[in-house]
Amino acid sequence: MPRPSEARPSGARPSAQVRRFTPAERWVHRATAALMGVCLVTAGCLYLPPLAELVGRRRLVVTVHEWAGLALPVPVLLGLASRAFRADLRVLNRFGPHDGVWLRSALRRRGPRPAGKFNAGQKLWAAWLTGAVLVMLGTGLLMWFTRLAPLLWRTGATFVHDWLALALGVVLAGHIGKALGDPEARRGMRTGFVGRWWADSAHPLWRPGD
Amino acid sequence: MSTDTRTQDPDGHGAPVGRRLLLGTVAAGAAALVAAPVLRRGLEAGLGAAADRDPTGLTGLLPNGGGFRYYSVAASVPERGPADYRLRVDGLVERPMTYDLAALRGMPQTRVVRDVQCVTGWRVPGTSFEGVPVMRLLDAAGVRPEGRAIRFTCFDGTYTESLTLPQARRDDVMVALSMQDRPLEHGHGGPARLYVAPMYFYKSAKWLSGITVTREAEPGYWEELGYDVDAWVGRSNGRDDAPTV
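Residues numbered from 1 in each chain as written. Chains lettered and ligands numbered in written order. Predicted model: local features only at pLDDT ≥ 70, side-chain atom pairs only at ≥ 80, totals over all residues.

As annotated in an unreviewed UniProt entry, chain B carries the name TMAO/DMSO reductase and comes from Streptomyces lavendulae subsp. lavendulae.

Looking at an unreviewed UniProt entry, chain A carries the name Formate dehydrogenase-O subunit gamma, with the source organism given as Streptomyces lavendulae subsp. lavendulae. Its UniProt record, at the heading Subcellular location (unreviewed entry), says of chain A: "Cell membrane". (UniProt positions renumbered as here; feature names shortened; annotations may be inferred.)

This brings us to the overall build of chain A. Within chain A, the secondary structure is distributed over ten helices and two strands. Mapped from its N terminus to its C terminus, chain A presents α and β elements in the order β-α-α-α-α-α-α-α-α-α-β-α. Counting all 210 residues of chain A, 30% fall into the buried class. (Helix = DSSP H or I, 4+ residues; strand = E, 2+ residues; numbered from the N terminus. Buried ≥ 20, exposed ≤ 12 C-beta atoms within 10 Å, placed from the backbone.)

Helices and strands together make up the secondary structure of chain B, namely five helices and ten strands. Counting every position in chain B, which comprises 245 residues, the buried fraction comes to 34%. A fraction of 62% describes how many contacts in chain B between residues 6 or more apart in sequence connect residues 24 or more apart. (Contact = placed C-beta atoms within 7 Å.)

Moving on, we come to the interface of chain B and chain A. On the side of chain A, 49 residues touch chain B, which itself brings 42 residues to the contact. Split into classes, the residues belonging to the side of chain B that touches chain A amount to 20 nonpolar, 14 polar and eight charged. (Nonpolar A, V, L, I, M, F, W, Y, C, P; charged D, E, K, R; others polar.)

Bringing unusual backbone geometry into the picture now. Cis geometry is found at the peptide bond from Gly190 of chain B to Pro191 of chain B, where omega equals 10°. One can find Pro191 of chain B in the loop between β8 (182-183) and β9 (193-196). Of note, the phi angle at Arg109 of chain A is positive, near 60°, even though the residue is not glycine. As for its position among the elements, Arg109 of chain A is in the loop between α6 (97-108) and α7 (120-144). The phi torsion at Asp181 of chain B lies on the positive side, around 60°, for a residue other than glycine.

With that settled, the discussion passes to the packing of helix α1 (residues 23-47) of chain A against helix α3 (residues 58-71) of chain A. Residue and element names in this part refer to chain A. Where α1 contacts α3, the two axes come as close as 9 Å, and the packing angle between them is 150°. By the criterion of interaxial angle, the relationship of α1 to α3 is roughly antiparallel. With respect to the hand of their crossing, α1 and α3 are arranged in left-handed fashion. In contact with Leu35, Val38, Cys39, Thr42, Ala43, Cys45 and Leu46 of α1, α3 contributes Val61, Val62, Val64, His65, Ala68, Gly69 and Ala71. Looking at the contact of α1 with α3 residue by residue, the class counts come to eleven nonpolar, three polar and no charged. (Axes fitted to C-alpha atoms, helices over the stretch in contact; angles between N-to-C directions. Parallel < 35°, antiparallel > 145°, perpendicular 65-115°, else oblique. Left-handed = near helix turned anticlockwise from the far one by under 90°.)

Moving on, we come to the confidence of the model for chain A. All names here are of chain A. Overall, the predicted model of chain A reaches an average pLDDT of 88, with 90% of residues at or above 70. Of all the helices and strands in chain A, helix α2 (residues 49-55) carries the lowest mean pLDDT, 76, while helix α4 (residues 74-79) carries the highest, 97. Contacts for the low-pLDDT stretch residues 1-12, under 50 throughout, to residues beyond four places or in other chains number nine contacts. (pLDDT = per-residue confidence, 0-100.)

Quick look at the sheet that holds strand β1 (residues 87-91) of chain B now. Residues and elements named next belong to chain B. Taken together, five strands build an open sheet; the order of strands is β2-β1-β10-β5-β6 and the sheet is mixed. Of all strands in the sheet, those bounded by a partner on one side alone are β2 (97-99) and β6 (160-164). Taken over all neighbouring pairs, the strand axes of this sheet differ in orientation by 15° on average, direction set aside. (Pairing = 2+ DSSP bridges.)

Right, let's talk about the environment of Arg30 of chain A for a bit. Looking at the element boundaries, Arg30 of chain A is found in helix α1. For the pair Arg30 of chain A and Met189 of chain A, spaced 159 residues apart in sequence, the C-alpha to C-alpha distance is 8.8 Å.

Attention now moves to the environment of Ala149 of chain B. Residue and element names in this part refer to chain B. Mapping Ala149 onto the fold places it in strand β5 (residues 149-154). As for Ala149 and Ala168, which are separated by 19 residues in sequence, their C-alpha atoms are 8.0 Å apart. Every residue in contact with Ala149, bar those within four places of it in the chain, is listed here: Ser162, Leu163, Thr164, Leu165, Thr214, Arg215, Glu216 and Ala217.

What follows deals with the nonpolar core. Residues Val134, Leu137, Met174, Val175, Ala176, Ala192 and Leu208 of chain B are the most contacted members of the largest nonpolar core, which totals 49 residues. For this core, the element with the most residues is strand β7 (residues 173-179) of chain B, which contributes six residues. Core analysis: the next-biggest nonpolar cluster, separate from the first, contains 18 residues, Val133, Met143, Phe159 and Ala165 of chain A among them. (Core = buried A, V, L, I, M, F, W, Y, C linked by C-beta atoms within 7 Å.)

To continue, consider the pairing of strand β3 (residues 110-117) of chain B. Residues and elements named next belong to chain B. Across seven bridges, the pairing between β3 and strand β4 (residues 123-133) is antiparallel. The partner of Thr110 across the bridge, within β4, is Gly131. Counting the residues that bridge the hairpin from β3 to β4 gives five residues, and of these Gly121 lies at a positive phi of roughly 125°.

Let us look at the packing of α6 of chain A against α7 of chain A. Residues and elements named next belong to chain A. The contact between α6 and α7 brings their axes to 8 Å, and the two run at 95°. By the angle class used here, α6 and α7 are roughly perpendicular. Seen from α6, the contacting residues are Asp99, Trp102, Leu103 and Ala106; seen from α7, they are Ala120, Gly121 and Lys123. Considered class by class, the residues forming the contact of α6 with α7 number four nonpolar, one polar and two charged.

Bringing the pairing of β4 of chain B into the picture now. Direction of pairing for β4 of chain B relative to β7 of chain B: antiparallel, over a ladder of five bridges. Bridge pairing in β7 of chain B links Phe129 of chain B to Met179 of chain B.

Turning our eyes to something else, we now look at the environment of His203 of chain A. Residues and elements named next belong to chain A. On the secondary structure map, His203 appears in the segment after α10 (196-202). Sequence spacing of His203 and Pro114 is 89 residues, and the spatial spacing of their C-alpha atoms is 6.8 Å. Leave out the neighbours within four places in its chain, and His203 touches Ala115, Gly116, Lys117 and Asn119.

Residue and element names in this part refer to chain B. Per-residue confidence for chain B gives a mean pLDDT of 85; residues scoring 70 or more make up 84%. This stretch, residues 1-7, has a pLDDT under 50; its non-local contacts, to residues over four places away or in other chains, come to five contacts. The ipTM, which scores confidence in the relative placement of chains, is 0.85 for this predicted complex, and the corresponding pTM is 0.69.

Shown next as structure tokens:
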């Protein structure tokens, strides 16, 4: 719910827009999303029988899947060169008391949702996704270079890779669903700017730099 | 919360929960990797039971939910039936032969019921295959003394496999025409596939169209990519699955 506009004059001009993401941050997101999309689509073609039958070409699909997976952490690593991106990581890492309030309200589906630049759900998502991608990368490498790994690890790696892929698919669907439900949040990721009304209502504790 | 919270920036302060969750996720992944044998057995038991009572078939999409998985290395595989299916037996033989489906079906059939074990981990218990032993086709063609191995080719145009002559002469190695007491469907390699009971399932080439006697075993499609040529279940490819035979 947008709050009454006591903080800003009505008919405000450029200040009605707030910078949320720099180009570097948006490119990290875009490149990661594209690589994740390739991983998911190729995984589907390897794993789901109807898609596998439709596409075939198993060796090519495997190669694309492997390289897209290997490249998946690269945008984030390159993003570390950006001061704004590093600042985002710092903010995502730290949980204040308001994050506890946000999570409790989210679980009860009512109550206040205080949030800084990122809400507690987004922080959990970012941390879990990073960990999950690292696990997928590790288990994927064990499956890729079969000759290097001890036997027990390889069967275990297949098992973890399969089930975590399923979990990732579900959680990614949630992420995309949330984005579809919030056009202004999408605009923030697309253009880098959001309306101040949105920042005030969705991220009331966020203090944008400009 | 009072409006005073806006006067100070709460972002970037507090416990590093994000880092803990990240490391915890990685640790959980590593733990699951180590505990996989136990977890897998438990899940397979549970999912197997669920799959038996699952009219939607959704459990089939879950990892190791039981049943076969479709692997094809070719872009598309033509469908062949009684009119245009042919199996050619040639190479180092006295009498090269070509069989159509009717000819194969007219020969004495053998039936084998064993587990199917894929090298990627999935296993389908107690699967029946019925068809013509490869040995019988070799005897009909007459293997010349210098022939010591077999190369199998497929009408997908890409896949190949190989066996040594003694392996191919086992009575549980056949050109399978039916599986689970139904004619072999296209998706399972129909109308005729190789079935090598004691080996990992990549040896059992789908859409079989050629049996060529050679001097030595030539590595097949996956074997060129690092899989073992002698693919005994439980004794190759670095795996310790229970033998299927």
